[in-house]
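# Fold and geometry: a report
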Amino acid sequence: MSTALLPLSPLPRIMLEPIVRATLLEDLGRSGDITSNAIVPLEAQAQLQLRAREAGVLAGLDLAELAFHLIDPALHFKAHLTDGARLSPGDCIADISGSARAILTAERTALNLLGMLSGVASVTARIADAIAPHGSRLTCTRKTLPGLRALQKYAVRVGGGSNHRFGLDDAILIKDNHIAIAGDLPTAVKRAQAAAGHMVQIEVEVDTLAQLEQALDLNVAIVLLDNMDLPTLRQAVAMAKGRAVTEASGRVNATTAPAIAATGVDLIAVGWITHSAPVLDIGLDVA
């Protein structure tokens, strides 16, 4: 049974096409699909189905459709579900019909992108579901696969998470190395405050309650509470309440996340949901 998790506008085609095109070109190499060209008659027609082989959350269906249409615009792609659908094993996601050669040529690119993004959405949903009763929100990080950040952050949104900054240019995050090189936390924060535009948020990573008190006294907007144990994290959230948004990070998974959320922290940041999410098993089978 498949139900929508989150209504979300798809990414514009102009953002998707360069990525899908480059992936197809990588696969086609210098001679194209010599296997399908040798075995499948030019005039052969086929109808195949994208099907879920395990439970999860669907994301990236537009990319799969684009892969097939870039190989052959005449292929007919009929989607039965949309991104955000909760998948059960055996669910039919889409039908693809037309040139058998074209379908087989586009298959791997379509499945690679669809499986990767559905995997991100699926692990995101698992943690987001676990922390929802506590009112905390799951957020991703910049730990994304090179060249795929916009897609992976989209998949996080599909899975019910929210996005942290997209790059180095849209928010200031003062981390431990910035503090070490600046000399101390107040110096780093004051320099950032002097340089930041009025639309730029400043977040400071802190490891101790003493650092947290310094950051709060400097009126930073967000504090990243890094790798704190639960009692310390609970105390940190109490200290920051009404003074700054709190974000926890470190050792977060679907098992540990509820206890972290129960401390009252506003956000929980998880890097592995993008850089190490298992691919969701989706297959392309003859109808």
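This section reports on the structure supplied with the text. (Residues numbered from 1 in each chain as written. Predicted model: local features only at pLDDT ≥ 70, side-chain atom pairs only at ≥ 80, totals over all residues. Heavy atoms only, no water.)

### A short note on the overall build of the protein
The condition is simple: Comment: elements are numbered from the N terminus, with helices defined as DSSP H or I runs of at least four residues and strands as E runs of at least two. We call a residue buried when its accessible area falls under 20% of the maximum for its residue type, exposed when it is over 50%, and partly exposed in between, using a 1.4 Å probe and counting protein chains only. The contact criterion used throughout is that any non-hydrogen atoms of two residues lie within 4.5 Å. For every accessible area listed, the method is Shrake-Rupley and the probe measures 1.4 Å; residues are considered covered only by the protein chains on display. Two residue types count as positive, namely Lys and Arg, and two as negative, namely Asp and Glu; His and chain ends fall outside the count. Think of each charge as sitting on NZ of Lys, CZ of Arg, CG of Asp or CD of Glu.
The helix and strand inventory of the protein stands at 11 helices and 12 strands. Its C-alpha atoms give the protein principal-axis dimensions of roughly 75 × 40 × 25 Å. In the protein, buried positions account for 48% of the 287 residues. Restricting the contact set of the protein to residue pairs at least 6 apart, pairs at least 24 apart contribute 69%. By element, 56% of the accessible surface of the protein is carried by carbon and sulfur atoms, the whole surface being about 13,800 Å². Between the mean site of the 24 positive side-chain charges and the mean site of the 29 negative ones, the protein shows a separation of 3 Å.

### Observations regarding the pattern of salt bridges
What counts here: Each reported salt bridge corresponds to a side-chain nitrogen of Lys or Arg within 4 Å of a carboxyl oxygen of Asp or Glu.
Overall, the coordinates contain 7 salt bridges when judged by the stated rule. With a closest N to O distance of 3.1 Å, D129 and R86 form a salt bridge. Of this pair, D129 sits in helix 4 (residues 100–131) while R86 is found in strand 4 (residues 86–87), placing the two residues 43 residues apart along the sequence. Residue R86 is classed as partly exposed on the basis of its relative accessible area of 27%. We note a salt bridge from R243 to D217, for which the minimum N-O separation is 3.2 Å. Placement of the pair is R243 in the loop between helix 9 (230–240) and strand 10 (245–249) and D217 in helix 8 (residues 209–217), with a sequence separation of 26 residues. Residue R243 is classed as partly exposed on the basis of its relative accessible area, which comes to 40%. Through salt bridges with shared partners, a single ionic network connects R13, E17 and R21.

### Considering the environment of D91
Quick note on the threshold: Distance and chemistry together define a polar contact, namely a pair of N or O atoms within 3.5 Å, with one atom able to donate a hydrogen and the other to accept it when in protein, and with adjacent residues in sequence counting only for side-chain atoms on both sides.
By the secondary structure assignment, D91 is in the loop between strand 4 and strand 5 (92–99). For D91 and E54, which are 37 residues apart along the polypeptide, the C-alpha to C-alpha distance reads 9.0 Å. Here the side chain of D91 touches S88 through a polar contact of 2.8 Å, landing on its backbone nitrogen.

### Things to note about empty space enclosed by the protein
The line we're drawing: Both cavities and pockets are sets of points on a 1 Å grid over the protein atoms alone; in a cavity a 1.4 Å probe fits but cannot get out, in a pocket the set is open with protein on both sides within 12 Å along at least five of seven lines, and lining residues sit with an atom within 4 Å of a point. Grid points are joined across faces, edges and corners, and a volume is the space filled by probe spheres set on the points. Each residue is assigned to one class: nonpolar for Ala, Val, Leu, Ile, Met, Phe, Trp, Tyr, Cys and Pro, charged for Asp, Glu, Lys and Arg, and polar for all the others, Gly among them.
Per the counting criterion, the structure on display carries 1 cavity of 30 Å³ or more. There is about 50 Å³ of room inside the largest cavity. Lining of the largest cavity is provided by P10, L11, L16, G60, L61, D62, L63, D83, L117, L151 and Y154. It is helix 3 (residues 61–71) that contributes the most residues to the lining of the largest cavity, 3 residues altogether. Among the residues making up the lining of the largest cavity, the classes are represented as 8 nonpolar, 1 polar and 2 charged.

### Some words on the sheet that holds strand 3 (residues 76–79)
Basically, it comes down to this: Pairing between strands is defined by DSSP: at least two bridges between them are needed. Only the stretch in contact is used when a helix axis is fitted, and all axes are lines through C-alpha atoms; the angle between N-to-C directions ranges over 0 to 180 degrees.
In space, the 4 strands of this open sheet follow the order 3-5-1-12, with antiparallel pairing throughout. Taken across any chain shown, the strands that pair with only one partner, and hence form the sheet edges, are strand 3 and strand 12 (282–286). On average, each strand axis in the sheet is tilted by 20° relative to the strand beside it, whichever way the strands run. Bridge count for strand 1 (residues 45–52) against strand 5 is 7 bridges, and the pairing is antiparallel. Looking across to strand 5, one finds that Q47 is bridged to S97. Helix 3 rests against strand 1, strand 3, strand 5 and strand 12 of the sheet, and its axis sits at about 165° to strand 3. Running over the sheet, helix 4 touches strand 1, strand 5 and strand 12 and is turned about 155° from strand 5.

### A few points about the packing of aromatic side chains
Cut-off, in case you're wondering: Here is the rule: rings of Phe, Tyr and Trp (six-membered ring for Trp) pair when centre to centre is within 6.5 Å. Planes less than 30 degrees apart are stacked, more than 60 are edge-to-face, and the remainder are tilted. We call a charge positioned above a ring when the Lys NZ or Arg CZ atom is no farther than 6 Å from the ring centre and deviates by at most 35 degrees from the ring normal.
A complete count under the given rule lists 1 aromatic pair for this structure. Their ring planes at 35° and their centres at 6.1 Å tell us that F68 and F77 sit as a pair that is tilted. Accessibility classification places F68 together with F77 in one group, the buried group. Directly above the aromatic system of F166 lies the positively charged group of K153, at a separation of 5.2 Å from the ring centroid.

### Side note on helix 8
The cut-off we apply is this: Throughout, the arc means that of the directions going from the helix axis to the C-beta atoms.
For helix 8, the set of buried residues is Q211, L212, A215 and L216. The arc that holds the buried residues of helix 8, viewed along the axis, is 135°, so those residues lie on one side. Opposite its buried face, helix 8 presents the exposed residues A210 and D217, each directed more than 90 degrees away. Where the residues of helix 8 are buried, they touch helix 6 (176–182), helix 7 (185–195), strand 8 (202–206), strand 9 (222–226) and helix 9.

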